[in-house]
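Residue strings, one per chain:
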Amino acid sequence: MVNSDKTIFTLPVRVYYQDTDAGGVVYHSTYLDFMERARYEWLRELGFDIHSLIQTHKVIFMIRSLNIEYFKPALLDDLLQVAVQPTELGRCRITLSQHMLRGEVTVASATVHAVCVGADSLKPVSVPAPLRHKLGKLS
């Protein structure tokens, strides 16, 4: 779901048993899975599913770096809102701010630096013009 300002996308994610340890607390690495899922759906919402990126635009995005902070534990059966907000657009990179909320409580947040690379070469290439156009105000 895209927020009214069109820059924040949120994805609801339910915490399942498989996401937790024996105490019902979400594993630290599972937060990364939830954030990856939200980024994937954010791109899809913009009209750039993984197949169009690879087949039409001949690119993929790779995570160059990620800084995450955990504030509160997410628990079994929680309904989380995982937000994606692009904050900076370079020639071949996108910086994203991600937040995970349980209601009004921030569970975790991250800054993600993704690099656009050629699907065959895996070398940095320009962000496709149509995607750049959708994110243009960040340039």
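Every chain's residues receive numbers from 1 upward, in the order its sequence appears when written. This being a predicted model, a pLDDT of at least 70 is required before a residue's local features are given, and a value of 80 or more before pairs of side-chain atoms are given or counted; all residues contribute to the totals for chains, interfaces and linings. For side-chain calculations, the full set of non-hydrogen atoms in the structure is used, while hydrogens and water are omitted.

### Some words on unusual backbone geometry
Moving on, step 1. Although it is not a glycine, Lys58 sits at a positive phi angle of roughly 60°.
Moving on, step 2. Where helices and strands are cited, they refer to DSSP runs of H or I of at least four residues and of E of at least two residues respectively, numbered from the N terminus. Mapped onto the elements of the fold, Lys58 is located in the loop between α2 (50-55) and β2 (59-70).

### A look at the nonpolar core
Moving on, step 1. By nonpolar core we mean a set of buried residues, namely Ala, Val, Leu, Ile, Met, Phe, Trp, Tyr and Cys, connected to one another through side-chain atoms within 4.5 Å. Relative accessibility decides the category of a residue: with a 1.4 Å probe and only protein chains considered, values under 20% of the type maximum give buried, values over 50% give exposed, and everything between is partly exposed. Membership of the largest hydrophobic core comes to 32 residues, with the highest contact counts inside it found for Tyr31, Phe34, Trp42, Met100 and Leu131.
Moving on, step 2. Listed by contribution, the elements that provide at least two residues to this core are β1 (9-14), α1 (28-45), β2, β3 (79-89), β4 (93-102) and β5 (105-118).
Moving on, step 3. Residue contributions to this core peak at six residues, all from α1.
Moving on, step 4. Excluding residues within four positions of it along the chain, Leu131 makes contact with Leu43, Leu46, Phe48, Phe61 and Ile94. Whether two residues are in contact is decided by their heavy atoms, any of which lying within 4.5 Å being enough.

### Considering the pattern of salt bridges
Side-chain pairs of opposite charge can arise where the charged atoms are in close proximity.
Moving on, step 1. We count a salt bridge whenever a side-chain nitrogen from Lys or Arg sits within 4 Å of a carboxyl oxygen from Asp or Glu. This model, assessed by the stated rule, comprises four salt bridges.
Moving on, step 2. Linking Arg44 and Glu41 is a salt bridge whose minimum nitrogen-to-oxygen distance equals 3.4 Å. Here Arg44 pairs with Glu41, and both are found in helix α1, just three residues apart, close to one helical turn.
Moving on, step 3. For Arg102, the salt bridge is made with Asp78, and the minimal N-O distance between the two is 2.8 Å. Highlighted residues: Arg102 in strand β4 and Asp78 in the loop between β2 and β3, separated in sequence by 24 residues.
Moving on, step 4. The class of Arg102 is partly exposed, set by a relative accessible area of 25%.
Moving on, step 5. What makes Asp78 buried here is its relative accessible area of 13%.

### Some remarks on the side chain of Gln98
Moving on, step 1. As for its placement among the helices and strands, Gln98 is situated in strand β4.
Moving on, step 2. Look at Gln98 and you get buried, because its relative accessible area is 0%.
Moving on, step 3. At 2.6 Å, the side chain of Gln98 forms a polar contact with the side chain of Arg39. Counting of polar contacts relies on pairs of N or O atoms within 3.5 Å, with two restrictions inside protein: one atom must be capable of donating a hydrogen and the other of accepting it, and residues adjacent in sequence are counted only when both atoms are side-chain atoms.

So far we have only geometry, and geometry alone does not tell us how the molecule works.
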